[in-house]
Amino acid sequence: MTDYNHSEVEKKWQQKWSDNGTFKASEQYGKEKYYCLVMLPYPSGNSHMGHVRNYSIGDVFARFHKMKGKNVMHPMGWDAFGLPAENAAIKNKIHPAKWTKQNIARMREQFKVLGISYDWDREIASCDPDYYKWNQWLFIKMWEKGLVFRKKANVNWCPSCNTVLANEQVSEGVCWRCKSHTEHRDLAQWFIKITDYADELLEGHKQLSGWPEQVLSMQKNWIGKSYGAEVDFSISASDKKLKIFTTRPDTLFGATFMVVAPEHEIIKELQPKIKNWDEVAKYIIESGKKSNIERSSSKEKTGVKLEGVNAVNPVNAKEIPIFVADYVLTGYGTGAIMAVPAHDQRDWDFAKKYNIEIIEVIKGEKSDITKQAYEDEGSLVNSGQFNGIKSEEAFDIVSKWVEEQGFGKKTVNFKLKDWLISRQRYWGTPIPMIHCENCGTVPVPEKDLPVTLPEDVEFTGEGESPLKSSSAFVNVKCPKCAGDAKRETDTMDTFVDSSWYYARYCDAHNDNVPFDSAKGNYWMPIDQYIGGIEHACMHLIYSRFWYKVMRDLGMVSTDEPFINLLTQGMVTLGGSAMSKSKGNIVSPDEIVEKYGADTARLFILFAAPPQKQLDWSPDGIEGCRRFINRIWRLYDLVNTKSQNSAADKDKTEILRIMHSTIKKVTCDIEKEFQFNTAISSVMELVNALYAYKYHGNDGGISLEAYKTAVLLMAPFTPHLCEEVWEKLGNKDFVSSHKWPEFDEKLIERDIVEIPVQINGKLKGKIIVSVESGEDEVKKIVMSDEKISQNLAGKQIIKFIYVKNKIVTLVIK
């Protein structure tokens, strides 16, 4: 047989799958469904080997479960809004819609060439008005439920992207997209009240046993639930109060100064009383140039005392100084803290630097506050009526007393903050709100959705959002009073698009609702979700929140969108994740053209387990191509009748290897997610068939084993397996054929290989029945020509047993 012609075969089967609608999904009530989804890609214009890995992993799951008899939905779409398209428009003088659609067409073709089993009829693109209309509809529903609000806030601003970023989109003080250093600005912004679901987002983890523990831990830390008390400190010579949150109400008597964040509103309110205002204002300006990470991680804590104003500790009526310091952030708690230097090292360092009083209020065996803060448990001292109480007991006792006195209350706090979704750019979903001087801010009527992006804009990269330059877009009539009004010009964070796209796939072309609930409840939740762990604290929190909102709107009936989550490792080049923006991508086009899509898929799946990072190297591609050819040429071998007749033990051994391989591959795909070892086990089966000498003269056993190998490889190399399956005379698609089952009884070996040691050295191995006794084993040893040559003057002195079976012979 000639070598496998990948180009001809792959085109043939891709066309057959399309013509036949092999992977088209529909609701089949009463049949077990399987919804497999890989996080949708951004259409950058060219896929790379990282994409090949991600989407091949998903395809293995989808194909495997289809062969297991399930009703599989495996859709694809495009996360198509975002800054890269707008930046390309600025650079290349092309509209972002045109640039995006060209990229989608290019990448769609690349995915089709790979033979991924998508139901392309369900394809969506988040930049299509038919999709983002429902972003707007859902936004208005949240507005009606009180989950959407607009307020002036101190926000992260990226000067390069010219837009606001959510807290989750700033890492170590830089923009997640362009890596520029961010700034802080006060702007009126739109928020979604994700905090209303903070507790449920944590409780929901109990339902996510199919998620990696690392992701759950990252989300738990990000949501950051903590128990404590809110306490009001009054301001001397003022009616103002400074509210703080503390997890240590037992240390209130040790609070000797207060610290507020540079952005805290009370600073401006107290400006007339602050005697050193110029110094304070200068410090605030300098703090604004630092990122939150720089502010909180700096070892050298800085601050400025607010001269002329003090706080009053409510537990003892002592006046204590107030400092503005940038290590306190507005993103957690209240933006103000009480400082207890005796029992917090950061506060201790600050107090020593600025010569502030340190009062010990918890006494322990090793406490010495002259040298450092004491942060362990102990007994309360210098704490009035609470002296002598154990600090671990004092939390509840002091909290209750604070509440009884009327200056505080026991409460729960979260690090998670409301989701800032405003973006000051063009290429995103327009926020469907109208500002009217008479009526205030009102939503666009549902009949007028979608609010579409205007075409009459220029992309210069300078100044404000391009949307503000379109008078036809901005100037509208108020839907309530019909008076002149202004349309909102902010667009939505693109994470809104990806927070519910999985639900739209269930009913992708519905013009009346985001999706039909019956269809949504049939397909969801997603059985297997696949994506990078870098999305743990953005997309995977946002989408869980959004799903719960849809549940509360009566659109879905379950609590969580994703039953199982696989976080695949990145494909890196030179230590960095492949990315077009970094210029370090390896395109699959050349590999597919030279070796074929099946080789590209096989190579990327065989190189490492899905969860592990894979540093790109082309080594091994030739080997994968050779293995595909071995499967191809094996067809001739198993269909050629041997002159030798197979003995029962030979047939039994091939059957044992075949059933063992079925078991291994099934478990590796279904439970272990170890595709590389699954492929390796099929390689062993193929090797065994090449070594087998009785093809065509064994009652069809080797042909059955060959068919099994083809079925087991179908999720990995589908084009090859379809072609061989057809050559074997089958009329159905291998993609739709039943997955093979193993027989545990046939896997149990009734023969065993025993090592033979002579004078402590291995001299050979013999094969005997597992039931063989010592006399029978001795006869077999004596009949072995190679071993018997070494037996002159020697005798078997020892049989070594394990579980009543001989495992080794010792001869001296």
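Note that this is a predicted model, so its numbers are computed, not measured.

A. Structural detail: the sheet that holds strand S9 (residues 183–192). Reading across the sheet, the four strands line up as S6-S5-S9-S19 and stay open at both edges, with antiparallel pairing between neighbours. In this open sheet, the two strands that pair with only one neighbour each are strand S6 (163–165) and strand S19 (419–420).

B. Here's a closer look at unusual backbone geometry. Following Leu-449, the chain continues into Pro-450 via a peptide bond in cis, with omega recorded as 5°. Following the sequence through the fold, Pro-450 ends up in the loop between strand S22 (440–443) and helix H13 (471–474). Each neighbour pair has its own omega, and for Met-524 with Pro-525 the value is 5°, a cis peptide bond. Looking at the secondary structure, you find Pro-525 in the loop between helix H15 (517–523) and strand S26 (526–531). In the Ramachandran plot, Lys-93 falls in the positive-phi region, its phi being about 55° despite a non-glycine side chain. The topology assignment puts Lys-93 in the loop between helix H3 (83–92) and helix H4 (96–113). In this structure, Lys-179 is a non-glycine residue whose phi angle is positive, near 70°.

C. Representation of the nonpolar core within the structure. Among the nonpolar cores identified, the biggest contains 186 residues, and Tyr-502 and Met-550 are the most heavily contacted of them. In this structure Tyr-502 touches Tyr-35, Leu-37, Met-524, Ile-526, Ser-543, Tyr-547, Met-550, Pro-561 and Phe-562, once residues within four positions along its chain are discounted. If you look at the next biggest cluster of nonpolar residues, it comprises 53 residues, including Ile-337, Phe-350, Ala-351 and Ile-359.

D. Local environment of the sheet that holds strand S24 (residues 484–487). If you walk across this open sheet you meet the four strands as S22-S21-S24-S23, and the pairing is antiparallel. Single-partner strands in this sheet number two, and they are S22 and strand S23 (475–477). Each strand of the sheet is rotated relative to its neighbour by a mean of 40°, with strand direction disregarded. Pairing analysis gives two bridges linking strand S21 (residues 433–436) to S24, with the strands arranged antiparallel. Across the sheet, the residue bridging to His-435 is Lys-486, located in S24.

E. Representation of helix H12 (residues 391–405). Helix length check: H12, at 15 residues, gives a terminal C-alpha distance of 20 Å against a target of 21 Å (1.5 Å per residue), a fit within 8%. Positive phi shows up at Gly-406, right after H12, with a value of about 85°.

F. Geometry of the packing of helix H19 (residues 621–638) against helix H21 (residues 675–691). Remark: H19 packs on H21, axes separated minimally by 11 Å, with the N-to-C direction vectors making an angle of 35°. For the pair H19 and H21, the crossing hand works out as left-handed. Facing H19, whose interface residues are Phe-627, Arg-630, Ile-631, Arg-633, Leu-634 and Leu-637, H21 presents Val-682, Met-683, Val-686, Asn-687, Leu-689 and Tyr-690. Tallied by class, residues from the contact of H19 with H21 come to nine nonpolar, one polar and two charged.

The rules behind these values
- Residues numbered from 1 in each chain as written.
- Predicted model: local features only at pLDDT ≥ 70, side-chain atom pairs only at ≥ 80, totals over all residues.
- Heavy atoms only, no water.
- Pairing = 2+ DSSP bridges.
- Helix = DSSP H or I, 4+ residues; strand = E, 2+ residues; numbered from the N terminus.
- Core = buried A, V, L, I, M, F, W, Y, C linked by side-chain atoms within 4.5 Å.
- Buried < 20%, exposed > 50% of the residue type's maximum accessible area, 1.4 Å probe, protein only.
- Contact = heavy atoms within 4.5 Å.
- Axes fitted to C-alpha atoms, helices over the stretch in contact; angles between N-to-C directions.
- Expected span 1.5 Å × (residues − 1).
- Left-handed = near helix turned anticlockwise from the far one by under 90°.
- Nonpolar A, V, L, I, M, F, W, Y, C, P; charged D, E, K, R; others polar.

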